[in-house]
Amino acid sequence: MRTFAFVVGLAMSLGACSGSAPPSQPDASGGACTKALYDPCATEHDCTSGNCQTFNDASGLEVCTEPCSASGSACPNDSSGAAGTCDSTLLLCRPAKANACTLAP
């Protein structure tokens, strides 16, 4: 009986969480990305618009985007309801955050 308890205890300790943080990934609660505006992306093929952009700021946001104009054309809201903004240098819509979905491998 002691051997059985030892084996069960060992199996449970090996299956336990190591305590290390998981790798940084988009929130998968939204399911798979659909190539929509503001979905995370790695290449232009990940976007229906064909426009995957990395915004070179502290956020490092990389999303599907669309053109806008400096003269004030409105960008659609992101999935959190925050208004998208027009990046005045790139003339592309920028969300406050990317959609909560997982980019397919």
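None of the values given here were measured: they were computed from a predicted structure.

## Structural notes on the side chain of Gln-53
Structurally, Gln-53 can be placed in strand E1 (residues 52–54). In this structure Gln-53 comes out as buried when scored by relative accessible area, which is 18%. Sequence-distant contacts of Gln-53, that is, excluding residues within four places in its chain, are made with Cys-41, Leu-61, Glu-62, Val-63, Thr-65, Leu-90 and Leu-92.

## With respect to the state of the cysteines
Throughout the structure, instances matching the rule amount to 5 disulfides. A sulfur-sulfur distance of 2.1 Å marks the disulfide that ties Cys-41 to Cys-52. Measuring handedness by torsion sign, the sulfur bridge of Cys-41 and Cys-52 sits at about 95° and is right-handed. Taken as a pair, Cys-41 in the loop between helix H1 (2–15) and E1 and Cys-52 in strand E1 lie far apart in primary sequence, 11 residues in all. A residue is classified by how much of its surface remains accessible, and Cys-41, at 4% relative accessible area, is buried. Relative accessible area serves as the criterion here: at 19%, Cys-52 is assigned to the buried category. Paired through a disulfide, Cys-47 and Cys-64 show a sulfur-sulfur distance of 2.2 Å. Handedness here is read from the sign of the S-S torsion; for Cys-47 and Cys-64, about -85°, the answer is left-handed.

## Observations concerning the packing of aromatic side chains
Summed over all chains, the structure comprises 0 aromatic pairs. Its guanidinium or amino end placed over the ring of Phe-55, Arg-94 lies 5.4 Å from that ring's centre, counting from NZ or CZ.

## Observations regarding unusual backbone geometry
Positive phi, normally seen in glycine, also occurs at Lys-35, with a value near 70°. The residue Lys-35 is located in the loop between H1 and E1 in this model.

## Things to note about the confidence of the model for the protein chain
The share of residues in the protein chain with pLDDT of 70 or more is 70%, and the mean pLDDT across the chain is 76. Between the elements of the protein chain, mean pLDDT differs from a low of 40, seen in H1, to a high of 96, seen in strand E2 (residues 62–64). In this model, residues 1–28 is a region of pLDDT below 50 whose contacts with residues beyond four sequence positions or in other chains number 5 contacts.

Reading guide: rules and limits
Residues numbered from 1 in each chain as written. Predicted model: local features only at pLDDT ≥ 70, side-chain atom pairs only at ≥ 80, totals over all residues. Heavy atoms only, no water. Helix = DSSP H or I, 4+ residues; strand = E, 2+ residues; numbered from the N terminus. Buried < 20%, exposed > 50% of the residue type's maximum accessible area, 1.4 Å probe, protein only. Contact = heavy atoms within 4.5 Å. Disulfide = S-S within 2.5 Å. Phe/Tyr/Trp six-rings, centres within 6.5 Å; stacked < 30°, edge-to-face > 60°. Lys NZ or Arg CZ within 6 Å of the ring centre and 35° of its normal. pLDDT = per-residue confidence, 0-100.

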